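This is what each chain is made of:
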Amino acid sequence: MKQDKTIQFDPHAIVGKWQEKWRLDKLYQINLGNAKRPYYCLMMFPYPSAEGLHIGNIYMQTGTDAFARFKRMQGYDVFEPMGLDAFGIHSENYALKIGKHPMEQGRLVQENFYRQMEAAGTMIDWSKKLETTDPNYYKWTQWLFVQMFKHGLAVRKKAKVNFCPSCKTVLADEQVIDGKCERCSSVVGKRDLEQWFFKITKYSQRLLDNIPGLDWDEKIKIAQTNWIGESKGAILKFKVDIPQSKSIELEIFTTRPDTLYGSTFMVIAPEHELVKQIFHETFSIDPEIKKEIRKYIKSVQNKPEEERLTEGKEKTGVFSGLFALHPLTGKQLPIWIADYVLASYGTGAIMAVPAHDERDYDFAVKYSLPIKHVISSPENDSHNSLYVGAGEIINSDIWNGLLYPKDIVKIISDIEKRGVGKAKSNYHLRDWLISRQRYWGPPIPMIYCEKCALENKSWFTQSNVTKPEEWEGAGWYPVGDKDLPVLLPFIEDFKPLGTGISPLANHPEFYNVKCPGCGSDARRETDVSDTFLDSAWYFLRYLATDWNEVPFPSPDFTKANLKFTNGFDLDLSHNNHKSSSESADFSSELVNRSRFLPVTIYIGGAEHAVLHLLYARFTTMALHDMGYLDFEEPFSKFYAHGLIIKDGAKMSKSKGNVILPDPLIEKFGIDTVRLYLRFLGPFEQGGDFRDTGIEGMHKFIKRIWKMFSNVSNQGKELSSERVKMMHQTIKGVTEDMEGLRFNTAIAKLMSYYNFLSTQNEVNVSEAKIYLQLIAPFAPHVAEELWYTIGESSSVHLSKWPSYEEKYLVSEEVRIAIQVNGKVREVLAIAINDSQNKVKVIELALQSEKVKRHLGGAIIDPAKVIYVPGKVLNFIV
RNA sequence: GCCGGGAUGGCGGAAUGGUAUACGCGGUAGUCUCAAAAACUACUGGCUAUAAUGGCUGUGUGGGUUCGAGUCCCUCUCCCGGCACCA
């Protein structure tokens, strides 16, 4: 009997030992400018909260890390960075809650976060971490804003915006869930405010067009497609029937131009331009009607969002006193004003076709408006029914007999031919509202000059750059690149005011500046930008955290003159961080580092499908168009991981089922936690956390520990069964790792362990392979045992084992035997050679089992249908 | 309402159209022990049965395709997620 060399398994001792060694060896510090096979493995960075890291954070980080370690062992130069998304309402609200200043709070929390993240035993390169609250970071967030402004993508618009009464700030559409605030669940109201917007809608079609080419989770692609929400249809023009005045055209958008003949009235939104004209111009409208309109509009304006939601589909409206003329029949159609038509979508006006649209139908029934059928319905031909399905076009003059939806293209081209309208797509996507009337964010780097505004001057006139459409930016100047960052000052009264004005607006020392255009007294923008702007570009910054001259590496920065006259003023001759001899290489460094982009794989939560991921795509696309990036999609591959739940329910403080990582790591060690988190369910689906489950995994680690503390160093020849098992395991685990199927990879490793435990002693070659395969999950244990079996360098520097098919050819083959057209029997037999099919079949036929079941029937091997590795169909 | 994704033992979950339930948890029995824990070994879908390497049945419901279906197609039921007066 061999002597048991097992030392008591003490996870904490080996974790400390190896993490220290990795740190000293700078094992995971990657030289970005000198990578042979760049591989950018990025995980979403967290926003720090006071409780520290949630088990969900550890779940995501260690999952990403397992993949990164695997890729590293495959020979890639894997870059795995991490940082903190520390600005924003979430952090600020917490600071408010505990009565601390966000700046102070941030510093306290940050330390704890990094400590916890480092305890997870990842190969994160901590020398390149970043925080969005760092002025060296938000300097570039502000630079990005300036670029957006200069390229006409950042505009100021007066708009009805979502306003959260509790957070006291405006919210983007994406941050309103069921009419409630994403963060605090208060009912969101509407306010009319002038705000900064990014014109993401300008990119709607491109954001949509690129989706099929992305190697992303299908469900995320669908969610983005739906969010952008393209509706194909047509813009149609109706003349407003006003005899005594010049003709006014009413443009409407419809997805159903085929039902044009079925239109019996028009509806415009209460905010529609025409409504204002009713009062301003000398339309001969009955004063009584005007009074009614005024009353209606007032009631709509005062209607809180809550009421609108609870009212559901109950529609209200009022007759405008005006008529439109049907473009094809010339018939008079009454124009109604109703708030079920949204001003923000399409043209804010519709043609109502009550016979074939549910909303129009409800409205027509309520106000006794006529209903005219123009699509034949299969069952119900009753005159007043609603039919939205496919069918033949009727009562429509020359369109009769055409089919909906098949012939809609023909109809649109006919409409265009007659000059009545044209094909047009509309999008659900709205512009990105950037302004926040809060304190805890990067100040928007803009200056407003009243004097210039009156003279209609702006940065655009000063720089002689073409102004953006719709908005000329009168009075606005961006802060010069050399004056960035605009520092967020430390102020005591940082609490939101709730008046639609930022806390910074109480600080003249902050907002009083001179106009960059005319030099007179001007005012700084006092709003800060949305947190999502911070995270829309952070993946670029990880590659340049040591640079002050450029925000991120890009070959385009090496051009002495940037394509845009308004581009960033880059001085390539000088560099703060490097000695002069090195700075000559700065240009090539820019090129080399940029080879990590776009991000090779991005891993994060599916909940960011339409927020962060869309903003990051838009930002990248915009930077590409500005000439700063040579790619337009930020993430080549995106992998959405699942959520970890507890006892079948989402973890929440109110349910008291929150799992914190620290006690678990304390009790079992990080390797057990890492293994268990990978094992409890598929990474893409998440899973249910069980206390007994993690105990089981701990037992497993202890067994491995024991087994590999006692390996044989004698290079005894392995039996073919053992070689086969080894290669099968390598193959299976490699394939699983490639697809991020960690749970099944671990199951295979456990199964392989069970096999090895039936052998007398484990050979060193088996042990090596085993430790390499398990290293991505349990790096410290693998490292220690690797050392124990006599290997000197790190297991993570070794190459991921490869398998050879020749050891796997012996396999089980199932055969189905057909005798006289009937299936006689289905059998399983083991064969040794699948290369030669006749040999396989002969072997099969010689098998006692087959002979018995065939009952004397003669089978011609040539007639056997052979499917490699699968099934043999015998036909007699 | 619309768009996604699901439903497999007592539980978490495996299964390129080919022996359903891998792997883990839990359970039962045993070894060790004065005893317990730990560790190890065997068994563990259900019903039935033992002469056997037995029979029947079994992946939410009901059909279909196929020699063969958890897997593909259609019907329904339920659960989870997202969007929602978007013309």
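Residues numbered from 1 in each chain as written. Chains lettered and ligands numbered in written order. Predicted model: local features only at pLDDT ≥ 70, side-chain atom pairs only at ≥ 80, totals over all residues. Heavy atoms only, no water.

1. Focus: the overall build of chain A
Of regular secondary structure, chain A possesses 29 helices and 34 strands. Looking at chain A residue by residue over its 876 residues, the buried ones come to 54%. Across chain A, the fraction of contacts at a sequence separation of at least 24, relative to all contacts at a separation of at least 6, is 73%. Summing over all exposed atoms, chain A offers an accessible surface of approximately 39,200 Å²; the carbon and sulfur share of this is 50%. (Helix = DSSP H or I, 4+ residues; strand = E, 2+ residues; numbered from the N terminus. Buried < 20%, exposed > 50% of the residue type's maximum accessible area, 1.4 Å probe, protein only. Contact = heavy atoms within 4.5 Å. Areas by Shrake-Rupley, 256 points an atom, 1.4 Å probe, with all protein chains shown as cover.)

2. Regarding the sheet that holds strand β25 (residues 521–524)
Reading across from one edge, β23-β22-β25-β24 is the order of the four strands in this open sheet, with antiparallel pairing throughout. Whereas interior strands pair on both sides, the edge strands pair on one side only; in this sheet they are β23 (476–478) and β24 (512–514). Across the sheet, the mean angle separating the axes of adjacent strands is 40° when strand polarity is ignored. (Pairing = 2+ DSSP bridges. Axes fitted to C-alpha atoms, helices over the stretch in contact; angles between N-to-C directions.)

3. Some details on empty space enclosed by the protein
Per the counting criterion, the structure on display carries four cavities of 30 Å³ or more. Taken as a whole, the largest cavity encloses approximately 110 Å³ of empty space. Along the walls of the largest cavity sit 13 residues, with Pro 48, Ala 86, Ser 91, Gln 105 and Gly 106 positioned nearest its centre. Where the lining of the largest cavity is concerned, the elements lending two or more residues are α3 (89–98) and α4 (102–119). Ranked by residue count, the leading element in the lining of the largest cavity is α4, at five residues. Class assignment of the residues belonging to the lining of the largest cavity gives a composition of eight nonpolar, five polar and no charged. A volume near 60 Å³ is recorded for the second largest cavity. Along its surface, the second largest cavity is lined by 14 residues, and Gly 88, Ile 89, Trp 440, Ser 529 and Thr 531 are the ones closest to its centre. (1 Å grid on protein atoms, 1.4 Å probe; cavity = no way out; pocket = protein on both sides within 12 Å on 5 of 7 lines; lining within 4 Å. Points joined across faces, edges and corners; volume = space filled by probe spheres on them. Nonpolar A, V, L, I, M, F, W, Y, C, P; charged D, E, K, R; others polar.)

4. What about the nonpolar core?
Tyr 40, Trp 196, Trp 432, Phe 708 and Tyr 770 are the most contacted members of the largest nonpolar core, which has 195 residues in total. Within the second largest apolar cluster, 55 residues are counted, among which are Ile 252, Leu 322, Met 351 and Tyr 387. (Core = buried A, V, L, I, M, F, W, Y, C linked by side-chain atoms within 4.5 Å.)

5. Considering the pattern of salt bridges
Inspection of every chain in the model, using the stated rule, returns 36 salt bridges. A salt bridge links Arg 617 to Glu 633; its shortest N-O distance comes to 2.8 Å. Here the residue Arg 617 occupies a position in helix α20 (residues 612–626), and Glu 633 occupies one in the loop between α20 and β28 (637–641), the gap between them amounting to 16 residues. (Salt bridge = Lys/Arg side-chain N within 4 Å of Asp/Glu carboxyl O.)

6. A look at the sheet that holds β28
If you walk across this open sheet you meet the five strands as β2-β1-β27-β28-β10, and the pairing is parallel. Each end of this open sheet is capped by a strand with a single partner; those strands are β2 (77–79) and β10 (215–216).

7. Some remarks on the packing of aromatic side chains
What the rule picks out here adds up to 61 aromatic pairs. An angle of 65° between the planes, with centres 5.5 Å apart, marks the rings of Trp 22 and Tyr 28 as edge-to-face. Like Tyr 28, Trp 22 is buried. Arranged with centres 4.6 Å apart and planes meeting at 15°, the rings of Tyr 137 and Trp 537 form a pair that is stacked. (Phe/Tyr/Trp six-rings, centres within 6.5 Å; stacked < 30°, edge-to-face > 60°.)

8. Comments concerning the confidence of the model for chain A
Here chain A averages 84 in pLDDT, while 83% of its residues score no lower than 70. The model gives residues 560–582 a pLDDT under 50, and that stretch makes 43 contacts with residues more than four places away or in other chains. pLDDT under 50 marks residues 825–837. Its contacts with residues more than four places away, or in other chains, come to 38 contacts. Taken over the whole predicted complex, pTM reads 0.89, whereas the ipTM for its chain interfaces reads 0.94. (pLDDT = per-residue confidence, 0-100.)

9. A few points about the packing of helix α24 (residues 720–738) against helix α25 (residues 742–757)
Relative placement of two packed helices is described by the angle separating their axes and the distance separating the axes. For the pair α24 and α25, the least separation of the axes is 8 Å and the interaxial angle reads 165°. Viewed along their axes, α24 and α25 adopt a mutual orientation that is roughly antiparallel. The hand of the α24/α25 crossing is left-handed. Between α24, through Glu 721, Arg 722, Met 725, Met 726, Thr 729, Gly 732, Val 733, Asp 736 and Met 737, and α25, the contact on the second element is made entirely by Phe 742, Thr 744, Ala 745, Lys 748, Leu 749, Tyr 752 and Phe 755. Of the residues belonging to the contact of α24 with α25, the class tally is nine nonpolar, three polar and four charged. (Parallel < 35°, antiparallel > 145°, perpendicular 65-115°, else oblique. Left-handed = near helix turned anticlockwise from the far one by under 90°.)

10. Section: the side chain of Asp 65
Along the polypeptide, Asp 65 turns up in helix α2 (residues 55–73). If near-sequence neighbours (up to four positions away) are discounted, Asp 65 is found in contact with Glu 80, Gly 121, Thr 122, Met 123 and Arg 674.

11. Examining the environment of Tyr 615
Of note, Tyr 615 is situated in helix α20. C-alpha separation for the pair Tyr 615 and Trp 537, spaced 78 residues apart in sequence, amounts to 8.8 Å.

12. Looking at the pairing of strand β1 (residues 38–43)
The two faces of a sheet get side chains in turn, since along a regular strand they alternate between them. The buried fraction of β1 amounts to five of the six residues, a majority that puts the element mostly inside the structure. When β1 meets β2, the two strands line up parallel, connected through three bridges. Counterpart to Tyr 40 in the pairing with β2 is Phe 79. In the sheet, β1 pairs with strand β27 (residues 601–605) via three bridges, with the strands oriented parallel.

13. Let's talk about α20
The α-helix winds at 3.6 residues per turn, so residues separated by three or four positions along the chain end up facing the same way. With 15 residues, α20 extends 21 Å from end C-alpha to end C-alpha; this agrees with the ideal 21 Å at 1.5 Å per step. Here α20 lies mainly inside the structure; 13 of its 15 residues are buried. One or two steps after α20, the chain reaches Gly 627, where phi turns positive at roughly 95°. (Expected span 1.5 Å × (residues − 1).)

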